[in-house]
Structures are given as structure tokens and as C-alpha cells.
Amino acid sequence: MRISSRGKKSGHQSFSSSSTSDPPPFSRGRSRGSRRNPEGRVPPPCRAAADARGRAGHQSAAASNLSGLSLQEAQQILNVSKLSREEIQKNFDHLFKVNDKSVGGSFYLQSKVVRAKERLDEELKIQAQDESEKGQQPKT
């Protein structure tokens, strides 16, 4: 930090204290969208929402973390709107061939296509597990 010829530190803006109790312009006060309750505490995470997502939501999130792609990104890369094995495989084959380095394609794009297919295959596997578990549960 330098001190200028006037004896003040340069690079810092000083705020004069006014008679009002206005906070400085960059205060850390409550924002408009604050999630605090009237006592000023942040409410605990909504357990009901987490339960509603169920195990499939957690598995899907884990699959996103492992592959590095979200489900939506994978669907965009392979240009599929619904999870259909046939449509995914058809688009994968086409995009993999088009982006082959030997025909002037991009290895980077080809690897993105592979990762997108892996992510969608993982999602299909999760959905199949959930459906089989629902079929095995006794009806009460």
C-alpha cells in the first residue's frame, strides 16, 4: 500500500460518517430475496423436497457428477428429446462417424458424443432400476 504526498493511503476510498445510520454502499445486509425467517435465521433444508426426489434423483445427480454432463446437456449433444434407446443409438452412431478424426472431424467433439451417450445410458439404467423396484413393492 502506498501513501501519497498528502499522507493518505491511495487506492482506498474513505466514507465520511454521516449523521444518519445508512449502511455503507457495499454492506452485507439482507437482500430482497433473502431466505431468512423473521428471527433472522436461515430455515433448515426442506426435507420433504429431498424425500420427494427419492433415490432416483440422488443417483441421477451422482451420474451427472461422474460423467461431467447433466442430463439436459447429454440430450442436447445427441439431439434427443426423450430417452429412447433406439433414438440415442441412431444419433450416437451418426455423430460418432461424422466427427471421426480420419474423415476430418474433431476428436474433442467425438469424445463429447461418447460422454453424452454414457450419461444417457446411465440414466436409462437408473430408470429401469426404479421401474423394477416399483414392480417388486407389495401393494398395500
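Figured I'd write up the structure that's included with this text. (Residues numbered from 1 in each chain as written. Predicted model: local features only at pLDDT ≥ 70, side-chain atom pairs only at ≥ 80, totals over all residues. Heavy atoms only, no water.)

## A few points about the overall build of the protein chain
To keep things clear, this is the line we draw: The helix and strand labels rest on DSSP assignments: H or I over at least four residues marks a helix, E over at least two residues marks a strand, and numbering proceeds from the N terminus. Contacts between residues were defined by any pair of non-hydrogen atoms, one from each residue, lying within 4.5 Å. Only the protein chains shown count as cover for residues, and all accessible areas are computed by the Shrake-Rupley method using a 1.4 Å probe.
Each helix and strand counted, the protein chain has four helices and zero strands in total. Its helices and strands in sequence order give the protein chain the pattern α-α-α-α, from N to C terminus. Put simply, 50% of the contacts in the protein chain that link residues at least 6 apart link residues at least 24 apart. When the accessible surface of the protein chain is totalled, it reaches about 11700 Å², and 51% of it is carbon and sulfur.

## Topic: the pattern of salt bridges
We count it as follows: The term salt bridge refers to a side-chain nitrogen of Lys or Arg lying within 4 Å of a carboxyl oxygen of Asp or Glu. Residue exposure (1.4 Å probe, protein chains only): buried if accessible area is under 20% of the type maximum, exposed if over 50%, otherwise partly exposed.
Under the definition given, this model contains five salt bridges. The partner of R115 in a salt bridge is E118, with the nearest N and O atoms 2.7 Å apart. Note that R115 and E118 are positioned in helix α4 (residues 107-136) at a spacing of three residues, about one turn of the helix. Here E123 makes a salt bridge to R119, at a shortest N to O gap of 2.9 Å. Of this pair, E123 and R119 are both found in helix α4, four residues apart, which corresponds to roughly one turn of the helix. Like R119, E123 is buried.

## Describing the packing of aromatic side chains
Quick reminder of the rule: Ring geometry is summarised as follows: Phe, Tyr and Trp rings, the Trp one being its six-membered ring, pair when their centres sit within 6.5 Å, and such pairs are stacked at plane angles under 30 degrees, edge-to-face over 60 and tilted between the two.
Summed over all chains, the structure comprises one aromatic pair. Taken together, a centroid distance of 5.4 Å and an interplanar angle of 35 degrees make the contact between F92 and F96 tilted. With a gap of four residues between them, F92 and F96 both fall in helix α3 (residues 85-98), about one helical turn apart. A relative accessible area of 14% means that F92 is categorised as buried.

## Comments concerning unusual backbone geometry
The phi dihedral of N79 falls on the positive side, at around 55 degrees, and the residue is not glycine. Take N79: it is sitting in the loop between α2 (71-78) and α3. Residue classification places N79 among the exposed residues on the basis of a relative accessible area of 61%.

## Let's talk about the packing of α3 against α4
To characterise two packed helices, one gives the angle between the axes of the helices and the distance between these axes. The cut-off we apply is this: An axis is simply a line fitted to the C-alpha atoms; with a helix, the fit covers only the stretch in contact. Between two such axes, the angle follows the N-to-C directions and lies from 0 to 180 degrees. Roughly parallel means an angle under 35 degrees; roughly antiparallel means over 145; roughly perpendicular covers 65 to 115; every other angle is labelled oblique. Polarity classes work like this: nonpolar for Ala, Val, Leu, Ile, Met, Phe, Trp, Tyr, Cys and Pro, charged for Asp, Glu, Lys and Arg, and polar for all others, with Gly in that last group.
Remark: α3 packs on α4, axes separated minimally by 10 Å, with the N-to-C direction vectors making an angle of 170 degrees. In terms of axis orientation, α3 runs roughly antiparallel to α4. Of the residues in α4, those in contact with R85, I88, Q89, F92, L95 and F96 of α3 are Q110, V113, V114, K117, L120, D121 and L124. Its residues assigned to classes, the contact of α3 with α4 comprises eight nonpolar, two polar and three charged.

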